[in-house]
Each structure stands twice: as C-alpha cells, then as structure tokens.
Amino acid sequence: KRQTWFTEYQTDSLSLGLRIEQILKAEETAFQDLLVAETETYGRLLALDGAVQTTDKDEFVYHEMITHVPLFMLDAPRKVAVIGGGDGGAIREILKHQTVQEAHLVEIDQAVVEAAREFFPAISSALSDPRAYVHYVDGIEWVKSARDFDVIVVDSTDPVGPAKGLFQAEFYQSIAKALSPQGILVAQSESPFLHQSLIRQMKAGMQTAFSDVRLYLAAIPTYPSGFWSFLMASKTPPSVSRRLNEDAIETRYWTPAIQHACFVLPKFVEDIV
Ligand code: AG3
C-alpha cells in the first residue's frame, strides 16, 4: 500500500495521521498554507497551516452543530453572518432555515472559497444561493459596521495566525453591537481535553459583552481529541424556539433532542466553564 500520509501536529506531543491517495492542491495563499488531499478514511480533506478544517465524511457534524443550535433558539432568524467558514458548510446549513433572508460569509482568504468551490462542491454550492453574500474582508473590520444580525457564527481556524483576533474580547464586544437584542453569537471553542485555558479565556471575553454564555459539545473525529466544543453567547438567556419540532430540516447529526442534550456537560467539562 502507498505510504503517503498527511499528519496534523495537533500539539507538540500529539498528531493525527491520515493516509492519502492523492494531493489535489497545495498552495501558499496570501494568508496561509492550503492543502486539499484525497484521504482514504475521511474523503477529501482541506487543511490550513497544517490543521484539518474540513473532511467530506465528518464535516456535517461541525457545520450542523455550529449553526442549528443557535438558529433554533430563535423563532425567526433573518440575518445571519459567518466569520471565516470559507468552505461554505455553515452557510449551507443556515440556508436550510426558511426564515433566513441573508446569510453573509465574511472570509479573509478568497483562496479558501475558490478551493472549496473546486474540490468540495457538496459543501460550497450554497454560496451560489441568491440569499448568500460573500465578502472577502477581515471579519474584525467587517463586524464593526454590521448591525441587526440575528446570529453571528465564528467559524475560525485555531487561535494562531490569521484567526488570532477572532478569540479576543474586543471582537466579541463588536459582535454584541452587531447583533439584534435577542441575537446570538456562536464560536467554535476547540477541545475540552486539550484547550481548557483557551475555553476559559474565550468565555471570559464573551462575558464582557454578553450576560449569558454557555458551552455545548459535539464529536468531531478529525479535530484534536475528537471531542469539540462551542460557546454560545447572548444578552438574555436563550430558550429553544417552538420551531424545533415544526420546521423539518434534513440533518445527519443534529436532532431536536440533541438541541437540548448538547448542553449537558460531563463533570470535567463543567469544571472548565
Ligand atoms: N474550523 C476549524 C476548527 C479548528 C480545527 N482545528 C484543528 N484541526 N487543529 C473549521 C472550518 C470548517 N468550516
């Protein structure tokens, strides 16, 4: 068997290896190192600066959970934005909600969107929907003049390189201004096994602008430790919309029961937050 492997060095003492059949694209973009490869186990892989972002076989977990959980807290989410998320997976899920009129993608690196359009059509095709708007700008700057959003999703890379500022309190404060009074912020918040202090720091940052901040969980096999978290913040405590059992949307991980269950935390995770 061919012994070509992609390895993500997740920490300085832990790695994930995926045997690859073919490298489809390897590019130094204006912002980061981009790789697209065909893996044996998880289908196509998109990696940025050596970190797994998306694979064909498990992307549904992350994209459903980062979107449906906040959107189902609202009766009629209309304006939604995704900061980062250049593969388009979060936009695809957001557009499953009939009430959504505008889904804005704010991606700093156009090369990520181009690679997604070329190699991940099932993930990126929603970007061509008439309700989707794509902006190639820095999310930190864009958010400063955004207003009246119902949900803002921070679908970032790890807190190094271009995404660093997306983990800071000042950014969460501008998001708070960009949201409607009932609006909700959600950000991917890395692994409870590996990134406890980051999770605590993100939560504290969000608490400078939001009174309710809670953590929820999902199993994502290709991310470090396979056990992933999201932080959801709002100015008033959110409650699940009656749309939960009325609006049928097609999903493979999220269910109405998971909408509630994902907030139930194991003891060691409760102790982090
Ligand atoms: N956002 C990436 C989550 C971080 C993964 N980290 C890692 N592999 N070290 C995912 C982008 C998908 N739209």
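Residues numbered from 1 in each chain as written. Predicted model: local features only at pLDDT ≥ 70, side-chain atom pairs only at ≥ 80, totals over all residues. Heavy atoms only, no water.

### So, the domain arrangement of the protein chain
We count it as follows: An automatic or database domain assignment is the source of the domain bounds shown. Residue contacts follow a heavy-atom distance rule, with two residues in contact if any of their heavy atoms lie within 4.5 Å. Each salt bridge in this description consists of a side-chain nitrogen of Lys or Arg and a carboxyl oxygen of Asp or Glu lying within 4 Å of one another. Each helix corresponds to a stretch of at least 4 residues labelled H or I by DSSP, and each strand to a stretch of at least 2 residues labelled E; elements are numbered beginning at the N terminus. Residues were grouped as follows: Ala, Val, Leu, Ile, Met, Phe, Trp, Tyr, Cys and Pro as nonpolar; Asp, Glu, Lys and Arg as charged; and all remaining residues, including Gly, as polar.
Segmentation of the protein chain into domains returns domain 1 (5–54) and domain 2 (59–272). One C-alpha centre belongs to domain 1, the other to domain 2, and the line joining them spans 22 Å. At the junction of the two partners, domain 1 supplies 23 residues and domain 2 supplies 21 residues. Remark: the boundary between domain 1 and domain 2 carries zero salt bridges. Elements with a minimum of two residues in the side of domain 1 that touches domain 2: β1 (5–11), β2 (14–28), β3 (33–39), β4 (43–48) and β5 (51–55). By residue number, the principal contributor to the side of domain 1 that touches domain 2 is β2, which donates five residues. Here the side of domain 1 that touches domain 2 is built from residues that sort into twelve nonpolar, six polar and five charged.

### Brief notes about the pairing of strand β11 (residues 212–219)
The cut-off we apply is this: Only protein chains enter the calculation, and the probe is 1.4 Å; a residue is then buried if its accessible area is under 20% of its type maximum, exposed if over 50%, and partly exposed in between. Here, any two strands with at least 2 DSSP bridges between them count as paired.
Across the eight residues that make up β11, a large majority, six, are buried. Relative to strand β12 (residues 227–234), β11 is paired through eight bridges, and the arrangement is antiparallel. When the bridges of β12 are listed, A218 appears paired with W228.

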